[in-house]
Amino acid sequence: MLYTIIGQDTPDSLEKRMASRPAHVARLQSLQAQGRLLLAGPFPAVDAEDPGAAGYTGSLIVAEFSQLAEAQAWADADPYVAGGVYSRVSVQPFRKTFPA
């Protein structure tokens, strides 16, 4: 089943985000290689593709896991959690309808 993982950044998280990013991206690449990643990306803090020093307010990941507990454990182990980037992470089931 698909699950959404939404991480909300702490204030002024850009430096922490950049420090933890290589490990965070490596985990996403692993999900992608397994064919389990639908999409992932950050929320820019301003209306721009590259927000520069404004940074990001959080991230969205939509990926396949066998059950909610597995998705939650994966999210809890994210380097952005350990690195203090995220202040809060929510995980919930997701049913993709479109595009078909």
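Whatever comes next refers back to the structure up there.
Rules of the game
- Residues numbered from 1 in each chain as written.
- Predicted model: local features only at pLDDT ≥ 70, side-chain atom pairs only at ≥ 80, totals over all residues.
- Heavy atoms only, no water.
- Helix = DSSP H or I, 4+ residues; strand = E, 2+ residues; numbered from the N terminus.
- Buried < 20%, exposed > 50% of the residue type's maximum accessible area, 1.4 Å probe, protein only.
- Contact = heavy atoms within 4.5 Å.
- Areas by Shrake-Rupley, 256 points an atom, 1.4 Å probe, with all protein chains shown as cover.
- Lys, Arg positive; Asp, Glu negative; His and termini not counted.
- Charge placed at Lys NZ, Arg CZ, Asp CG, Glu CD.
- Patch = residues over 30% accessible without salt bridge, like charges linked within 9 Å, V, L, I, M, F, W, Y side chains within 5 Å.
- Salt bridge = Lys/Arg side-chain N within 4 Å of Asp/Glu carboxyl O.
- Polar contact = N/O pair within 3.5 Å; in protein donor to acceptor, adjacent residues only side chain to side chain.
- Core = buried A, V, L, I, M, F, W, Y, C linked by side-chain atoms within 4.5 Å.

A. Highlighting the overall build of the protein chain. Scanning the protein chain for helices and strands turns up three helices and four strands. Traced from its N-terminal end to its C-terminal end, the protein chain shows the element sequence β-α-β-β-α-α-β. If one aligns the C-alpha atoms of the protein chain with their principal axes, the spans along those axes are about 35 × 30 × 25 Å. Burial analysis of the protein chain (100 residues in total) assigns 32% to the buried set. The contacts in the protein chain between residues at least 6 apart in sequence include a share of 74% that link residues at least 24 apart. Per element, the accessible surface of the protein chain, about 6,000 Å² overall, is 55% carbon and sulfur. Of the side-chain charges in the protein chain, 8 are positive and 10 negative, and the distance between the mean point of each set is 7 Å.

B. Inspection of a nonpolar patch on the surface at higher detail. Together, Leu38, Leu39 and Phe94 make up an exposed nonpolar region whose accessible area comes to about 240 Å². Among the structural elements, Leu39 can be located in strand β2 (residues 37–44).

C. Region of the structure containing the side chain of Asp78. With respect to the helices and strands, the residue Asp78 is situated in the loop between α2 (68–76) and α3 (79–82). A distance of 2.9 Å separates polar atoms of two side chains, one belonging to Asp78 and the other to His24. What Asp78 contacts, discounting residues up to four positions off in sequence, is His24, Arg27 and Ile61.

D. Representation of the pattern of salt bridges. Evaluation of the coordinates by the stated rule reveals three salt bridges. As a salt-bridge pair, Arg27 and Asp78 come within 3.7 Å of each other at their nearest N and O atoms. Of this pair, Arg27 sits in helix α1 (residues 14–33) while Asp78 sits in the loop between α2 and α3, and the two are 51 residues apart along the sequence. Notably, a salt bridge pairs Glu70 with Arg36, separated by 3.4 Å at the nearest N-O pair. On the criterion of sequence distance, the pair formed by Glu70 in helix α2 and Arg36 in the loop between α1 and β2 is long-range, its members being 34 residues apart. Judged by relative accessible area, which is 30%, Glu70 ranks as partly exposed.

E. How the structure looks around the side chain of Ser59. Mapped onto the elements, Ser59 comes out in strand β3 (residues 56–64). Within the structure, the side chain of Ser59 is placed 3.1 Å from the side chain of Tyr86, a separation counted as a polar contact. Once residues within four sequence positions are removed from consideration, Ser59 is found in contact with Ile5, Ile6, Gly7, Arg17, Gly41, Pro42, Phe43, Tyr80 and Tyr86.

F. Here's a closer look at the nonpolar core. Counting residues in each nonpolar core, the largest one holds 11 residues, listed as Tyr3, Ile5, Leu28, Leu31, Ile61, Ala63, Phe65, Ala71, Trp74, Ala75 and Val91. Contributions of two or more residues to this core are made by β1 (2–9), α1, β3 and α2. Examining the composition of this core, we find that three residues originate from one element, α2, more than from any other. Apart from residues no more than four positions distant in its own chain, Trp74 is found in contact with Ile5, Arg27, Leu28, Leu31, Ile61 and Phe65.

By themselves, these observations are geometric and do not establish any function.
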